[in-house]
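# Commentary on secondary and tertiary structure
Residues per chain, in single letters:
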Amino acid sequence: MDARPILLFDSGVGGLSVLGAVRELLPQASLVYVADSAGFPYGTRSEAEIAARVPTLLGRLAERYDPLLIVIACNTASTIALNHVRSALDIPIVGTVPAIKPAAAMSEARVIGVLGTEATVRQPYVDDLAARFASDCAVLRHGSAALVELAEAKLRGEPADPAACRAAIAGLFDQPGGDRIDVVVNACTHFPLVADELAAAAPHPVSFVDGAAGIARRIAHLTSGRNWPAAPGHRAVFTRLGDAEARLAPALARYGIVRIEAL
């Protein structure tokens, strides 16, 4: 019996899209979900801020919760700080990167959209993924902080404004060649939380792809043979616990999270 949890980390609640996939594949696993609400949002912060903040914070979390492994369930933090975290901590670290490879496999038009935060879409890591896995595709990118806020608001119980969703993705589809996009990579873990809104806001039918299922499979591989206690009660941890975070309780309960605490 191994009671150590899997720790999933994001700047906000976007990583719940990854947690959902992990729960589906590993229902017996004990999970700790961490949102860096005091540092939110990461997508508009500088690379230097994220590279310094994330390893330090995950070091504190590793000491407190003694996780079996850590999942950085955030594309921005992963593309900037993943190597820093792996150098600092002596436990397995699973990152989240834009799902450009499966998007390229799906695309018939050979035009792919990458929808993420401003910090993610400008990273050289995205250039490398596009060159390695989508060299015969046009890869169009757009960063939207507004969509992150819309996802956070939705989980607090606030309705998403369709006009705001359309405005948030217009910068992707209005680019030259945007009318030919047939697959969009959700390169922010927040965006699958507003999947229905995104599909409705798109100017023409497209498929959306993200990395949550692949991350869950990777975790299952790394934890193969582990035996967790029965009927785990998951917890959420916030680096700042205020009214906005408290309003997330009903949504967190839908993900099996029964305890909320502050770091």
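Below or above, wherever it landed, is the structure these notes cover. Since the model is a prediction, treat every value here as computed from it, not as a measurement.

### Brief notes about unusual backbone geometry
Phe40 connects to Pro41 through a cis peptide bond whose omega is 0°. Tracing the backbone through its elements, the reader meets Pro41 in the loop between strand E2 (31-35) and helix H2 (47-65). Even without being a glycine, Arg110 presents a positive backbone phi close to 65°. Owing to a relative accessible area of 25%, Arg110 belongs among the partly exposed residues under this scheme.

### Here we look at the sheet that holds strand E1 (residues 6-10)
The parallel open sheet is built from 6 strands, whose spatial order is E4-E3-E1-E2-E9-E10. A strand with exactly one partner marks an edge of an open sheet, and here the two such strands are strand E4 (93-94) and strand E10 (257-262). With 5 bridges joining them, strand E9 (residues 234-238) and E10 adopt parallel strand pairing. Across the sheet, residue Ala236 finds its bridge partner in E10, namely Ile260. Its contacts with the sheet place H2 against E1, E2, strand E3 (69-72), E9 and E10, and it is angled at close to 150° to E1.

### Structural notes on the layout of surface pockets
Counted as a void, the largest pocket has a volume near 490 Å³. Together, 22 residues line the largest pocket, and Gly95, Val97, Pro98, Gly214 and Ile215 are the ones closest to its centre. Those elements giving two or more residues to the lining of the largest pocket turn out to be helix H3 (75-88), E4, helix H4 (100-106), helix H6 (124-133) and helix H10 (212-222). Here the lining of the largest pocket is built from residues that sort into 12 nonpolar, 4 polar and 6 charged.

Cut-offs used in this document
Residues numbered from 1 in each chain as written. Predicted model: local features only at pLDDT ≥ 70, side-chain atom pairs only at ≥ 80, totals over all residues. Heavy atoms only, no water. Helix = DSSP H or I, 4+ residues; strand = E, 2+ residues; numbered from the N terminus. Buried < 20%, exposed > 50% of the residue type's maximum accessible area, 1.4 Å probe, protein only. Pairing = 2+ DSSP bridges. Contact = heavy atoms within 4.5 Å. Axes fitted to C-alpha atoms, helices over the stretch in contact; angles between N-to-C directions. 1 Å grid on protein atoms, 1.4 Å probe; cavity = no way out; pocket = protein on both sides within 12 Å on 5 of 7 lines; lining within 4 Å. Points joined across faces, edges and corners; volume = space filled by probe spheres on them. Nonpolar A, V, L, I, M, F, W, Y, C, P; charged D, E, K, R; others polar.

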